Amino acid sequence: MFHRRVLLLGGLVSFLFVLLLVRLAWMTTGDQGVRAREKASKSLVRETWLPTVRGTIFDRKGRVLAGDRASYDIGVDYRVLAGQWVYIDGYGKRRGISISRYARRLAERYNRDVWDKLEDAQQNEITESFESALKDRVESMYEYIAVETQTPLVELLARRDEIVQRVSKVKREYTERTRKNELKKYAERGDVPNETDLDRIERKAARNIAEEEQIHPLVPDVSDEIGFTVIRQSSRRVPLIKLTSEADEKRIEGEAIFPGLVVVDATTRIYPYKELEVLIHRGAFPPPLQADQNELMKVTDLGTMILGSVQTGLQSGDESRRASAIENDEILKVRASTDKGTDRGRYFHGDRVGRTGLESSYEDHLRGLRGVTVENLQTLELVETLPTPGLDIHLTLDILLQARIRALLDPKLGLARVQTWHGNLEPTTPIGSELDAGVIVLEVATGEILAMVSTPVPPSDGDWTKYGVHDDAQMRLYQKIHSPYVNRAIAMPYPPGSVAKALILTGAAKYDKYVQGHRIEATGYLLEGQPNKFRSWYYKLSNGTSTHFHQLGRHPNDIDALMVSSNVFFFTLGRELEGELVADVYKMYGVGNPYNLGVGTEWAGSIGAFNGPGDGSDLTLDEATLLGIGQGPVTWTPLHAADSYATIARQGYRIHPKLIQSGRAPIVEDLDLPSWSISNAMEGLHEVVTNQLNGSGYGIRYEEFEPRVPTFNAPGIRVWGKTGTATAPDIRFDPDQVGDTNGPMDPIVVRHGDHSWFVTLVGPEGGEPQYAIAVVLDYAGSGGKVSGPINNQIIYALIEEGYLPRVSAAEVNP
């Protein structure tokens with residue numbers, strides 16, 4: 001029996017020993033063991049993250065368009081201000097507790113081996129020493145803040161008292177209001193609260209209000225140097241008493257050297273050019289608007305549709321998107337990761353995130369990387385990685401040129417408002433109606449976008465009354481008509497209209513569908529016996545009594561056809577090209593391919609049905625004919641128009657337009673256009689604006705029977721250009737439809753008519769074209785009468801900003 005018991009005991013001991021070995025192996029080799037060791041390692045290390053700033057966005061001349069104003073508030077948890085202590089619980093949340101109670105807790109912890117053996121008097125004496133030490137730390141914290149921020153201690157304590165008094169008042173009001181409301185509920189029911197009810201009411205009334213658990217700034221807006229210094233100090237934890245043994249140091253974790261002290265990152269994103277005042281001189285305006293005086297125009301929300309915005313707080317998907325960016329961008333991963341692989345740019349609660357425009361599309365580029373201080377609590381070794389600001393972005397835009405163009409499009413000046421001399425009798429846009437516009441200014445040599453303007457601009461302050469919007473119904477109508485959130489320069493689908501005729505000429509020449517110098521008969525309409533189909537605008541205007549042959553005294557060749565904007569000529573070319581080749585012409589000029597500028601939604605352009613193949617295979621012969629004059633199933637944007645004309649100015653070499661200065665050489669594509677077609681196109685475009693008798697964009701007749709006044713009048717500047725009056729689809733509005741709910745009223749047409757285009761190339765007289773300007777106004781009618789004068793004023797804006805030479809009329813005509 002004895003031996004059996006010994007064997008049984010030995011077996012039990014062996015079994016337990018084996019279990020210990022298995023546990024040891026699990027701890028040293030298994031995944032759980034790895035995690036356990038990592039957890040133990042982390043407990044010996046304290047990380048303190050240091051704030052950083054976003055990158056800066058500059059314009060082409062180095063002006064700051066968007067930048068962080070680094071600022072930090074030195075704040076203290078209200079509970080400390082009110083005389084309590086604050087500690088961090090196991091979930092990382094700050095908890096408030098009375099100093100005396102916390103002192104008792106610490107006294108027990110520091111003396112746990114002997115606490116139960118001590119007399120009450122001894123326990124109280126130890127507790128009082130801890131309480132005194134805690135209070136000393138609070139007092140030393142205020143002294144430290146005063147010294148570091150150079151704030152008199154008396155003033156600092158006065159701020160503390162003011163905060164406590166203010167929050168206490170709010171709390172009293174909340175308590176009284178809560179108690180009153182709860183008792184009122186009983187009275188309304190005819191009940192009388194018992195003691196349990198009254199106790200519940202008092203507990204509810206005594207709950208902390210938000211202000212009692214918040215950080216309150218004691219010293220706002222300190223420098224980053226002071227902020228970082230305080231951050232480093234605020235994270236330190238040391239024992240309240242001097243420990244005598246190494247065992248104690250491992251067993252007892254120190255207390256915060258400064259309880260409740262927090263450095264709040266109060267950095268703000270500023271946009272210095274968001275509002276500007278611009279002087280516009282009326283001297284070169286159309287005669288009815290002309291005056292020898294300056295107008296001081298205030299431009300608001302300048303560049304907001306391009307720059308975008310940042311917002312505080314995370315949204316679903318932010319963290320996963322960042323993780324994906326790190327995973328798929330090796331350069332970003334190397335730049336952003338610590339030695340242990342932690343992303344220094346990962347999102348924390350309350351971070352600022354780019355939400356729209358460039359701020360959003362370049363979020364990972366602009367986002368700064370936090371610094372981190374790593375303290376080994378065992379060795380006291382301190383390793384610090386400094387914050388890295390986000391990367392900067394340099395735009396090709398000139399913000400002052402942008403401001404001038406925005407000012408010119410303000411209806412107050414009259415250029416972007418329906419005038420009697422526009423000759424637009426459309427009832428949906430009566431005289432005085434404000435007109436929406438999109439503008440692009442492109443540098444020919446580089447493809448850089450100097451200005452990208454769209455009106456109207458959504459007000460960032462939410463005040464729509466400046467647009468005459470005062471209620472929901474008016475807002476629905478306004479948004480239906482004006483689409484203020486769409487960037488018209490790059491995102492609104494427009495039919496090209498006659499602006500496309502220069503492209504069709506060069507394309508027809510490339511594909512041998514037009515022979516140099518060939519004249520096409522100007523019959524007034526394309527198809528024999530069908531005078532109401534594929535008509536010449538000139539024939540239509542004369543009620544069928546005149547054609548371009550009568551106007552010119554000859555049938556037009558390519559130069560003539562551009563000069564007078566002959567529809568029949570370009571109908572013929574479109575018909576000769578047919579579907580796939582006419583589509584190829586538009587495609588080689590960029591229609592159908594996105595620019596990917598990073599400023600938000602873009603319209604890539606379309607050929608054929610919106611959801612079709614886009615290669616012309618779905619175009620009928622009649623549709624291909626219409627595409628010859630920029631009508632039918634084809635759309636583009638002002639950026640496409642400026643891009644196309646800049647390509648013609650470069651002798652058929654296309655440079656992809658850009659908004660960001662990357663420092664890399666542009667990609668140049670040779671469209672292989674016949675040189676004669678480029679030369680003739682340029683000559684025809686020059687005749688459009690300079691031929692006094694026949695140029696379709698030469699000038700405007702402001703009074704009946706009076707001679708035309710030249711549209712372009714900047715001395716010393718050579719202009720090539722093309723008008724476009726493009727048939728636009730109706731805008732229909734259902735007055736009683738709100739969301740999915742619809743009433744009995746029928747939809748009404750609120751916009752009808754034509755879009756107004758004028759696209760130019762400009763440069764010094766005797767020189768090459770330097771800039772392409774594309775202007776479109778929605779439902780404004782005549783391209784020459786509406787968009788032409790605005791295009792002319794943009795030329796003056798280029799002169800004012802130093803892009804074109806300022807030449808006096810006397811120098812041109814000595």
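Above this text is the structure in question.
These lines cover the structure that appears in this document, whether it is placed above or below.

Membership of the largest hydrophobic core comes to 133 residues, with the highest contact counts inside it found for V441, M452, I795 and L798. With 11 residues, the top contributor of residues to this core is helix 21 (residues 567-588). Once residues within four sequence positions are removed from consideration, L798 is found in contact with L401, V441, L450, V762, Y771, I773, Y803 and L804.

Another aspect to go through is unusual backbone geometry. Between T455 and P456 the backbone carries a cis peptide bond, its omega angle lying at 0°. Following the sequence through the fold, P456 ends up in the loop between strand 20 (449-455) and helix 16 (472-482). The backbone of Q150 shows a phi angle near 55°, a positive value even though the residue is not glycine. Note on Q150: relative accessible area 73%, which makes it exposed. Notably, D672 is not glycine yet its phi reads approximately 55°, a positive angle. Relative to the helices and strands, D672 is located in the loop between strand 24 (668-670) and helix 24 (675-690). By relative accessible area, D672 is classed as exposed at 56%.

Okay, the packing of helix 23 (residues 638-649) against helix 24 next. Where helix 23 contacts helix 24, the axes come no closer than 9 Å and their chain directions differ by 120°. When the interaxial angle is binned, helix 23 and helix 24 end up oblique. Here Y645, I648 and A649 of helix 23 come into contact with helix 24, specifically with I678, A681, M682 and L685. Per-class residue counts for the contact of helix 23 with helix 24 are 7 nonpolar, no polar and no charged.

Before going further, it helps to examine the pairing of strand 4 (residues 72-77). Walk down a regular strand and you will see the side chains alternate between the two sheet faces. Summarising burial for strand 4: 6 of the 6 residues are buried, a large majority. What you see with strand 4 is no split at all: Y72, I74 and V76 on one side and D73, G75 and D77 on the other are buried throughout. Taken together, the 5 bridges between strand 4 and strand 7 (residues 215-222) define a ladder with antiparallel strand orientation. Bridged to Y72 within strand 7 is V222. Inspection of the sheet shows strand 4 paired to strand 10 (residues 261-265) by 5 bridges, in the antiparallel sense. From the neighbouring strand, D73 faces strand 10, where its bridge partner is V264.

Position of T601 relative to the elements: it lies in the loop between helix 21 and strand 21 (606-607). We classify T601 as exposed; its relative accessible area is 63%. As for T601 and A624, which are separated by 23 residues in sequence, their C-alpha atoms are 28 Å apart. Non-local contacts of T601, meaning those with residues more than four positions away in its chain, are made with I490 and A491.

Another point: the pairing of strand 20. Of all 7 residues making up strand 20, 7 are buried, and the element is well covered by its neighbours. Two strands pair when backbone bridges link them, and strand 19 (residues 437-443) and strand 20 are joined in this way by 6 bridges, in the antiparallel orientation. Of the residues in strand 20, the one forming a bridge with V439 is V453. Here strand 19 hands over to strand 20 after 5 residues, with G447 in that stretch at a positive phi of 75°.

Bringing helix 8 (residues 224-234) into the picture now. Of the residues making up helix 8, those classed as buried are G227, F228, V230, I231 and S234. All buried residues of helix 8 fall inside an arc of 165° around its axis, so they share one side. In the core, the buried residues of helix 8 are packed alongside strand 1 (45-50), strand 4, helix 5 (120-149), strand 7 and strand 10.

Counted as a void, the second largest pocket has a volume near 1700 Å³. Around the second largest pocket sit 49 residues that line it, and W537, Y538, L541, T725 and S782 are the ones nearest its centre. Its residues assigned to classes, the lining of the second largest pocket comprises 14 nonpolar, 25 polar and 10 charged.

This brings us to the sheet that holds strand 28 (residues 748-764). Read across the open sheet, the 5 strands follow the order 20-19-29-28-27; overall the sheet is antiparallel. Of all the strands in the sheet, just strand 20 and strand 27 (717-733) have a single pairing partner and so form its edges. Here the average twist between neighbouring strands, direction ignored, is 10°. Running over the sheet, helix 16 touches strand 27 and strand 28 and is turned about 135° from strand 27. Helix-sheet contacts for helix 25 (residues 783-800) involve strand 19, strand 20, strand 27, strand 28 and strand 29 (771-777), and the interaxial angle to strand 28 is about 40°.

This brings us to the packing of aromatic side chains. Within the structure shown, the criterion is met by 22 aromatic pairs. Over the ring of Y87 we find R105, and its NZ or CZ is 5.4 Å from the ring centre. Seen from the ring of Y142, R160 lies directly overhead, with NZ or CZ sitting 5.1 Å from the centre.

What follows covers the pattern of salt bridges. Scanning all chains against the criterion turns up 49 salt bridges. A salt bridge links E131 to K135, with the shortest nitrogen-to-oxygen separation between them at 3.3 Å. Remark: K135 and E131 occur in helix 5; sequence separation between them is 4 residues, near one turn of the helix. For E131, a relative accessible area of 21% puts it in the partly exposed group. Judged by its relative accessible area of 41%, K135 falls in the partly exposed class.

Glancing now at the sheet that holds strand 2 (residues 57-58). The pairing of strands in a sheet happens through backbone hydrogen bonds and is either parallel or antiparallel. One open sheet accounts for 4 strands, arranged 11-3-2-18; its pairing is mixed. Two strands in the sheet have a free side with no partner beyond their single neighbour: strand 11 (268-270) and strand 18 (393-394). With 3 bridges connecting them, strand 3 (residues 64-69) and strand 11 associate as antiparallel partners. For R69, the partnering residue across the bridge sits in strand 11 and is T268.

This next bit is on empty space enclosed by the protein. Taken as a whole, this structure holds 3 cavities of 30 Å³ or more when the rule is applied. Taken as a whole, the largest cavity spans an internal volume of roughly 90 Å³. For the largest cavity, the lining is made up of 13 residues, of which G303, M305, Q402, M452 and S454 are closest to its centre. For the lining of the largest cavity, the elements supplying multiple residues, two or more each, are helix 10 (304-307), helix 15 (399-408) and strand 20. A per-class count over the lining of the largest cavity returns 6 nonpolar, 5 polar and 2 charged. In this structure, the second largest cavity occupies an estimated 60 Å³ of space. Around the second largest cavity sit T429, E434, L435, D436, I481, H482, R488, R751, D778 and Y779, which together line it.

Cut-offs and rules
Residues numbered from 1 in each chain as written. Predicted model: local features only at pLDDT ≥ 70, side-chain atom pairs only at ≥ 80, totals over all residues. Heavy atoms only, no water. Core = buried A, V, L, I, M, F, W, Y, C linked by side-chain atoms within 4.5 Å. Buried < 20%, exposed > 50% of the residue type's maximum accessible area, 1.4 Å probe, protein only. Helix = DSSP H or I, 4+ residues; strand = E, 2+ residues; numbered from the N terminus. Contact = heavy atoms within 4.5 Å. Axes fitted to C-alpha atoms, helices over the stretch in contact; angles between N-to-C directions. Parallel < 35°, antiparallel > 145°, perpendicular 65-115°, else oblique. Nonpolar A, V, L, I, M, F, W, Y, C, P; charged D, E, K, R; others polar. Pairing = 2+ DSSP bridges. Arc of directions from axis to C-beta. 1 Å grid on protein atoms, 1.4 Å probe; cavity = no way out; pocket = protein on both sides within 12 Å on 5 of 7 lines; lining within 4 Å. Points joined across faces, edges and corners; volume = space filled by probe spheres on them. Phe/Tyr/Trp six-rings, centres within 6.5 Å; stacked < 30°, edge-to-face > 60°. Lys NZ or Arg CZ within 6 Å of the ring centre and 35° of its normal. Salt bridge = Lys/Arg side-chain N within 4 Å of Asp/Glu carboxyl O.

Any functional reading would require information beyond the geometric quantities listed.
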